[in-house]
Amino acid sequence: MAVGRKRNERAGARSALIISGGAPNATLMAGALVAFHELGLKFDVISTAGAGALLGLMYAAPANGDPVSTLASLKDLGVADPIYEAFPVNYKVFNKPGMAAEVYRRLLALNPLVQQIMEWPAKDPLSQFAKDSAQLMWACVSPSDLSPSSLGLCAHVPFAEQIIDFAAVPEIEPEFYVNAFNLVSKQMENFDKRMLSVQHLQAALSFPFLYPPTPLGDGLYIEGAALDCLNFYGLLERHPDLEEIVVFDILGAEKLLRAPRDLYDAWVMSIITPLIEIARDDLKIFEAQHLGKYPKLRKPWRVPLIEGIAEADLPDVFDWSRSNLSRLFDIGYEAGLHGARGTLSHLAG
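Nothing here was measured: the structure is a model prediction, and the numbers come from that model. Numbering of residues starts from 1 in each chain and follows the order in which that chain's sequence is written. The predicted nature of this model means local features are confined to residues of pLDDT at least 70 and side-chain atom pairs, given and counted, to a pLDDT of 80 or more, with totals for whole chains, interfaces and linings taken over all residues. Hydrogens and water molecules were not included; the side-chain quantities draw on all heavy atoms of the structure.

Moving on, we get to unusual backbone geometry. In the Ramachandran plot, Ala 122 falls in the positive-phi region, its phi being about 50 degrees despite a non-glycine side chain. The phi angle at Lys 186 is positive, at roughly 60 degrees, despite the residue not being glycine. As for its position among the elements, Lys 186 is in the loop between β3 (175-182) and β4 (187-192). Strands are runs of DSSP state E lasting at least two residues, helices are runs of H or I lasting at least four, and both sets are numbered from the N terminus onward.

This is the structure:
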């Protein structure tokens, strides 16, 4: 079931949901989206950046028609804790690049034994460990054409078509936007739901160095969240009648800044640290530019997602371990369920 209500854009859109970038914390936002769905909250516009684009499409156009199970499945991207402690890399998300690796993964998916293992429920730590160990073995023996001339470390996210119904996206109820930066025109662009495809999502997720830029038409695109974590770009120009803006921002919080634990963690923090400052500035700039200019617009409401994380858990907040992704999902669900029930009850359909 699609989320939102159909409106003629000329008649005016009243409410918007902003879903920020931040892939390691994606289950935090996924949990909140599940809570919003259960509360019956509806938005006229959904504007996304980076990982927020993937989440927004899972929410609005799930391939199985059920946003709850689709969003909850993100927890399965977590790596079993014993494996992650020894090898802190998410080989489920970050696949080896190249044509040989792509052919290898396609042939692997056709193997009956592999299919059987991938269908294991993996609901307890032992089965999770066994299943994830098999996936680690397959990832390790995968071929790769990574070289000094490569434009990115990894292949693009391989599972989008399995969880998102791209054919249904143009017909979803809310207006939907995904940002990406065009390296040719040097301009930030927004793809709307009428043009969104797998390739457009790849463009929106092409974070520099991790993924190669994505060619589309005459353009060459990188992830918009690398420059604009909260996709406010052109929102009020397109929808001047907006009254309510709800923000899922999981980066704009100083409490995420910390000293790295090791070299790999230092690399992760080198990516996250500038994004935290960008996200903090984006919301402040938006409010300074637009509050008062648009009489109907109220101050955007930022869902307190990061605030729900205990201080003791903050050092692990960017981990891809199964326990962390599950914990973040539960925290996001509670934040969405309890924090939004009274404040946003007027958005319920």
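Let's pick the thread back up.
Let's shift gears to the domain arrangement of the chain. Interfaces are often sized by the amount of accessible area the parts lose when they come together. Start and end positions for the domains come from either an automated domain assignment or a database one. The assigned domain composition of the chain is domain 1 (15-78 + 159-186 + 197-304 + 320-347) and domain 2 (98-141). Averaged C-alpha coordinates put domain 1 and domain 2 at centres separated by 28 Å.

This part covers empty space enclosed by the protein. Two kinds of site are reported from a 1 Å grid over the protein atoms alone, namely cavities, where a 1.4 Å probe fits but cannot get out, and pockets, open sets with protein on both sides within 12 Å along at least five of seven lines, and residues are called lining when an atom falls within 4 Å of a point. Grid points are joined across faces, edges and corners, and a volume is the space filled by probe spheres set on the points. One pass over the full model with this rule turns up 2 cavities of 30 Å³ or more. Empty space within the second largest cavity amounts to approximately 40 Å³.

Attention shifts here to the UniProt feature "domain: PNPLA" (unreviewed entry) in the chain. UniProt positions are given in the numbering used here, feature names are shortened, and annotations may be inferred rather than shown by experiment. Mapped onto the present numbering, the UniProt feature "domain: PNPLA" (unreviewed entry) falls on residues 17-229. Helix and strand shares over residues 17-229 are 38% and 14% respectively, and the end C-alpha atoms of the span are 14 Å apart.

Glancing now at the packing of aromatic side chains. The aromatic pairing rule takes the rings of Phe, Tyr and Trp, using the six-membered ring of Trp, and pairs them if the centres are within 6.5 Å, calling planes under 30 degrees apart stacked, those over 60 edge-to-face and the rest tilted. A complete count under the given rule lists 8 aromatic pairs for this structure. Seen in terms of ring centroids, Phe 94 and Trp 320 are 5.8 Å apart; in terms of plane orientation they differ by 90 degrees. Their pairing is edge-to-face. With Phe 94 in the loop between α4 (81-86) and α5 (99-109) and Trp 320 in the loop between β8 (301-302) and α12 (322-343), this residue pair connects regions lying 226 residues apart in the sequence. Here Phe 191 and Tyr 221 contribute two aromatic rings whose centre-to-centre distance is 5.5 Å and whose plane-to-plane angle is 70 degrees, an arrangement assigned as edge-to-face. Taken as a pair, Phe 191 in strand β4 and Tyr 221 in strand β6 (residues 219-223) lie far apart in primary sequence, 30 residues in all.

With that settled, the discussion passes to the pairing of β4. Bridge count between β3 and β4: 6 bridges; the pairing is antiparallel. Bridging across to β4, Ala 180 finds its partner in Glu 189. The criterion for strand pairing is that DSSP finds at least two bridges linking the strands in question.

The subject of this paragraph is the environment of Lys 92. Looking at the secondary structure, you find Lys 92 in the loop between α4 and α5. Sequence separation between Lys 92 and Gly 78 is 14 residues; the distance between their C-alpha atoms is 8.1 Å. By the convention used here, residues are in contact when the closest approach between their heavy atoms is within 4.5 Å. In this view, Lys 92 contacts Asp 76, Leu 77, Gly 78, Val 79, Asp 132, Gln 135 and Phe 159; residues no more than four positions away in its chain are not counted. Any N or O atom pair separated by 3.5 Å or less is treated as a polar contact, with the protein-specific requirement of one donor-capable and one acceptor-capable atom, and with residues adjacent in sequence counted only for side-chain atom pairs. A distance of 2.9 Å separates a polar atom in the side chain of Lys 92 from the backbone oxygen of Asp 76. Only 2.8 Å separates the side chain of Lys 92 from the side chain of Asp 132, close enough to count as a polar contact.

Our next topic: the layout of surface pockets. Space inside the second largest pocket adds up to approximately 210 Å³. Around the second largest pocket, the lining comprises 13 residues; the ones closest to its centre are Phe 232, Tyr 233, Ile 285, Phe 286 and Gln 289. Where the lining of the second largest pocket is concerned, the elements lending two or more residues are α10 (235-238) and α11 (263-290). Of the residues forming the lining of the second largest pocket, the biggest block, 5 residues, is contributed by α11. Its residues assigned to classes, the lining of the second largest pocket comprises 7 nonpolar, 3 polar and 3 charged. Under this grouping Gly is polar, as are all residues other than the nonpolar Ala, Val, Leu, Ile, Met, Phe, Trp, Tyr, Cys and Pro and the charged Asp, Glu, Lys and Arg.

In what follows, salt bridge is the name for a side-chain nitrogen of Lys or Arg lying within 4 Å of a carboxyl oxygen of Asp or Glu. In total, this model carries 20 salt bridges according to the counting rule given. Close ionic contact of Lys 255 with Glu 311 constitutes a salt bridge, the shortest N to O distance being 3.9 Å. Residue Lys 255 is located in the loop between β7 (244-248) and α11, and its partner Glu 311 is located in the loop between β8 and α12; the two are separated by 56 residues in the primary sequence. Type-normalised accessible area, obtained with a 1.4 Å probe on protein chains alone, sets the label of each residue: buried when under 20%, exposed when over 50%, and partly exposed for intermediate values. Note on Lys 255: relative accessible area 30%, which makes it partly exposed. Residue classification places Glu 311 among the exposed residues on the basis of a relative accessible area of 57%.

So, about the side chain of Asn 95. On the secondary structure map, Asn 95 appears in the loop between α4 and α5. The buried category is assigned to Asn 95, whose relative accessible area is 11%. For Asn 95, the side chain forms a polar contact with the main-chain oxygen of Tyr 91, separated by 3.0 Å.

Glancing now at helix α7 (residues 125-141). To estimate the expected span of a helix, count its residues, drop one, and scale the result by 1.5 Å. The end-to-end C-alpha distance of α7, which contains 17 residues, comes to 24 Å, matching closely the 24 Å that a straight helix rising 1.5 Å per residue would cover. Those residues of α7 not exposed but buried are Ser 127, Gln 128, Lys 131, Asp 132, Ala 134, Gln 135, Leu 136 and Trp 138. The distance from a side-chain oxygen at the start of α7 to the backbone nitrogen of Leu 126 is 3.1 Å, and the residue carrying that oxygen is Asp 124.

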